[in-house]
Amino acid sequence: MSTDQTNPPGLYAAREPIFPKRVKGRFRNLKWIVMALTLAVYYITPWIRWDRGPNMPDQAVLVDLANRRFFFFWIEIWPHEFYFVAGLLVMAGLGLFLFTSALGRVWCGYTCPQTVWTDLFILVERWIEGDRNNRIRLHRQNWNARKVRLRLVKWTVWLIIALLTGGAWIFYFTDAPTLLRDLVTGQAHPVAYITMAVLTATTFLFGGFAREQICIYACPWPRIQAAMMDEDTLTVAYREWRGEPRGKKAPAKQAAGSAASAPDLGGSGDCIDCLACVNVCPMGIDIRDGQQLECITCALCIDACDDIMDKIGKPRGLIDYMALKDETAERAGEKPRPVLKHILRPRTILYFTLWSGIGILLLVALLMRSSVDMNVSPVRNPLYVTMSDGAIRNTYELRLRNKQHEAREYAFTVEGAEGVEMKIEGAEGNSVTVPADETLSARLYLTAPAGSPLTRSESDEIRLVASDLQGDATATVETVFHGKGE
């Protein structure tokens, strides 16, 4: 029996740890800036205060689940206004499609939480254990006192970062200073501790150990992105026609001396097969093998390759952002298309138009929304009641929501129903007072006098209007009045 039959290949290959090398360059600097900004926003935002008046939360960004409201600085979103959140989610999806269509997996390479925290964990690892070669040697050597000490220090720092990450998340759902005090004193709700523990564990494991495995196996986006990209999409690629065949070459300083002192050690392409692009890749791939599912287009290989090209006196751009159309043109000796022509094309313009259109609609809806909302539902059992004098009475369930931070008095009027008498359960006259940030529920009775047009008709459309007596806000609801239908 053959060896292949006795030892069939496994379905799972054990993970080979990746130790990215430190690199400097414009894309690495951009990633540092993005990482600093995103982490600062995430950790600091719950601590920003915003004065909303008495008896209101003063946290600038707060998801108040207890009172079913979302606060974002001066914006307050109520449960019935969830369409704002839905609109923002749609905008986020379209924005992801837009950036992927224009620049490939730029989200994955720069702003994805997995990428940001993995970068942070690798930075800590490099500070404690050293750069790539030192970390490889430490990984391969047997366990001793030094290895145990370095690993414990690294894991401790990772755990602190993960703990701060889990803590920052739960601070968005309640007052941050109060929750911090309760967490420290052991008085916080068990849900807070459980949520914090889960997020701490996942951050520690995903950023410290799983890393690229999350991007390759757990994240669905690498498999979806292909539908968002076309031959005009700019993505990180290797100029094979310029780099091949690979071979070692003498440094530029030697080449400047004499032809004899700069021998060609094999190959005539610009690539010297130094593996710099591979050593800096956080996914552990070789970009020279073409586009791969694992590539997150972080562009660190561009920085590494440009640095080598500078050293050997070759032009930059052997690895660069480029499109498939550029590849075809450059192979034919033509110049690549300008970047703007790649970005401004029908697909990206369509995405941007949809994205901006939804944004404008949400902004208009936000600016036009009233500080009062009203719902009126006819009670249909029975549709109407005939009074002793022949008058017809309809009953309605009234819900009036005051979104102001102070109590307001609202007066009700009926349009399209001449002579109708109004009565609000528990109120004197046709006005009610609604406490600040609360919803009033009551029964509303409309009575049409005997012989009036409303009593003879089966149903008529009417309009109820609630007006703020201390301001100019109004709420209007259209409903129906049911009669005998004679």
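The structure this text deals with has already been given above.
Everything in this summary refers to the structure shown in the same document. Residue positions are given per chain, counting from 1 as you read along its sequence in written order. pLDDT decides what is reported in this predicted model: residues at 70 or higher carry local features, side-chain atom pairs at 80 or more are listed and counted, and totals for whole chains, interfaces and linings draw on all residues regardless. Processing note: side-chain calculations cover all non-hydrogen atoms of the structure and skip hydrogens and water entirely.

1. Thoughts on the packing of aromatic side chains
Pairing of aromatic rings covers Phe, Tyr and Trp, the last counted by its six-membered ring, and requires centre-to-centre distances within 6.5 Å; plane angles under 30 degrees mean stacked, over 60 mean edge-to-face, and any other angle means tilted. Within this structure, the stated rule accounts for 20 aromatic pairs. Between F72 and F73, the aromatic rings sit 5.1 Å apart at their centres with planes inclined by 80°, giving edge-to-face as the arrangement. Classification of residues uses two cut-offs on accessible area relative to the type maximum, computed with a 1.4 Å probe and protein chains only: under 20% is buried, over 50% is exposed, and between them is partly exposed. Accessibility expressed as a relative area gives 37% for F72, which makes it partly exposed. Here the aromatic rings of F97 and W221 are separated by 6.3 Å at their centres, their planes lie at 15°, and the arrangement is stacked. Taken together, the residues span a long stretch of sequence, with F97 in helix 3 (residues 82-103) and W221 in helix 11 (residues 221-224) at a distance of 124 residues. According to the relative accessible area criterion, F97 is partly exposed, its value standing at 28%. We classify W221 as buried; its relative accessible area is 9%. An aromatic cluster is defined as three or more aromatic residues linked by ring pairs; in this entry it consists of W50, F70, F72, F73 and W74. In this scheme, Lys NZ or Arg CZ marks a charge over a ring once it lies within 6 Å of the ring centre and within 35 degrees of the ring normal. In this arrangement the basic side chain of K147 is found over the ring face of W143, its NZ or CZ atom lying 4.6 Å from the centre. Comment: elements are numbered from the N terminus, with helices defined as DSSP H or I runs of at least four residues and strands as E runs of at least two.

2. Considerations on the sheet that holds strand 13 (residues 459-468)
A pair of strands is labelled paired if DSSP reports no fewer than 2 bridges between them. Ordered in space as 11-9-13-14, the four strands form an open sheet in which the pairing is antiparallel. The open sheet has two edge strands, strand 11 (431-434) and strand 14 (474-482), and neither has a second partner. Put simply, the sheet's adjacent strands are angled 30° from each other on average, direction ignored. Strand direction decides the pairing type here: strand 9 (residues 408-415) and strand 11, joined by four bridges, are antiparallel. Along strand 11, the bridge assignment pairs R408 with V434. Where helices are involved, their axes are fitted lines through C-alpha atoms of the stretch in contact, as for all axes, and angles between N-to-C directions lie from 0 to 180°.

From the geometry alone we can't say anything about function, so treat these as descriptive.
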